[in-house]
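Below, each chain spelled out in residue letters.
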Amino acid sequence: MTKPASPEATGMGDIRSALKEGMARLRRARTPSHTLAAEVLLLEVLGCDRTWLYTHSQDRLDPATAQKYLALIARRAAGEPTQYLTGKQEFWGLEFEVTPAVLIPRPETEHVLEVALDRLGSRGSQTPSPPLRVADVGTGSGCLAVALARNLPLAEIFATDISAQALEVARRNAVRHGVVGRIHFLETNLLEAFLDSRATFDLIVSNPPYIAGSEASSLEREVREHEPELALVGGAGGTEIYARLADQAAALLVRRGIFVVELGYGQSDQVQKILEVRRHWTNIQITPDLAGMPRVLAAERA
Ligand SMILES: C[S@@+](CC[C@H](N)C(=O)[O-])C[C@H]1O[C@@H](n2cnc3c(N)ncnc32)[C@H](O)[C@@H]1O
């Protein structure tokens, strides 16, 4: 990576000029949403909010902070996602720590939660005894497990991932949001750790890796070069993981237990078929995201 030019050399003495310089560098690098990225990175190094930034735009920026800002701008221009540079991403109104060990939570994954909570309906708010048991498979940052724990205060949650590093991040996010006492973190392949036990679940959710191996090279540079491959690629065809997950979920869900998964682009028919041929499922439904794309599949254990 080339060393960023010094703030003095670029003539950026105040906050406003630093922001303009950051935007110009990202624009030249053809960075998506360059204006927003330049602003978010400046907020990060200054440790302030937007109101402060714009009411102090003529304040002098000390050279060390300016240098730090230009270093982040250079990393963003080279393709690192803004969220890995700031170490955070919002999901379901909560701030999550993210590191390159985890997928950056996407807004469309919030539909998994909406559908799951909707399907649970009154089951989620009653005082069930024993408590509802919920599994989040491939928890990554823990965004789904933590948001579920916050929305289902009486549920016991099990969050699995095949990546020990991801589980560490998820655990820190559970601590940050005060729900670590109700989430069990397990390093296992999908739900394998439960198959030999007598464990059962009322709800199983997952946003599994679903990119086809052949499509991985056509992903945006930010995703392809920086997000964990383990979180992205779901086998040669992209849908293999759904079949294994559906079989495990069928073995572990109680009768009328709920299964909710996120779908990749163009996968809804294929995944729906995977469930239909298995005959363990009823009430299979696909929900579109805000762009109208089939995004979430939900089903009930027959
Ligand atoms: C698409 S990411 C989803 C992360 C998070 N749930 C979210 O929605 O942002 C998929 C996650 O599944 C994990 N994973 C991949 N293969 C797995 C497997 N066979 N068993 C368990 N977890 C797996 C990855 O490490 C990654 O954290």
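For the structure, check the block above.
Q: Sorry if this is basic, but what is going on with the overall build of the protein chain here?
A: Within the protein chain, the secondary structure is distributed over 14 helices and nine strands. Each of the three principal axes of the protein chain carries a C-alpha extent, and together these read 70 × 45 × 35 Å. Counting only residues that meet the buried cut, the protein chain has 40% of its 302 residues in that class. Considering only contacts within the protein chain whose residues lie at least 6 apart along the sequence, 66% involve residues at least 24 apart.

Q: What should I look at first to understand the pairing of strand E7 (residues 253-262) in this one?
A: A regular strand places its side chains on the two faces of the sheet in alternate fashion. In terms of strand pairing, strand E6 (residues 201-206) meets E7 through five bridges, oriented parallel. Across the sheet, Leu203 pairs through a bridge with Ile258, a residue of E7.

Q: Whenever I open this one, the pairing of strand E9 (residues 294-301) confuses me. Can you help?
A: Burial analysis of E9 places six of its eight residues in the buried class, the great majority of the element. When E7 meets E9, the two strands line up antiparallel, connected through five bridges. When the bridges of E9 are listed, Val260 appears paired with Ala298. In this sheet, E9 lies alongside strand E8 (residues 281-288) in antiparallel orientation, the contact comprising six bridges.

Calculation rules
Residues numbered from 1 in each chain as written. Predicted model: local features only at pLDDT ≥ 70, side-chain atom pairs only at ≥ 80, totals over all residues. Helix = DSSP H or I, 4+ residues; strand = E, 2+ residues; numbered from the N terminus. Buried ≥ 20, exposed ≤ 12 C-beta atoms within 10 Å, placed from the backbone. Contact = placed C-beta atoms within 7 Å. Pairing = 2+ DSSP bridges.

Read these as spatial facts, not as claims about activity.
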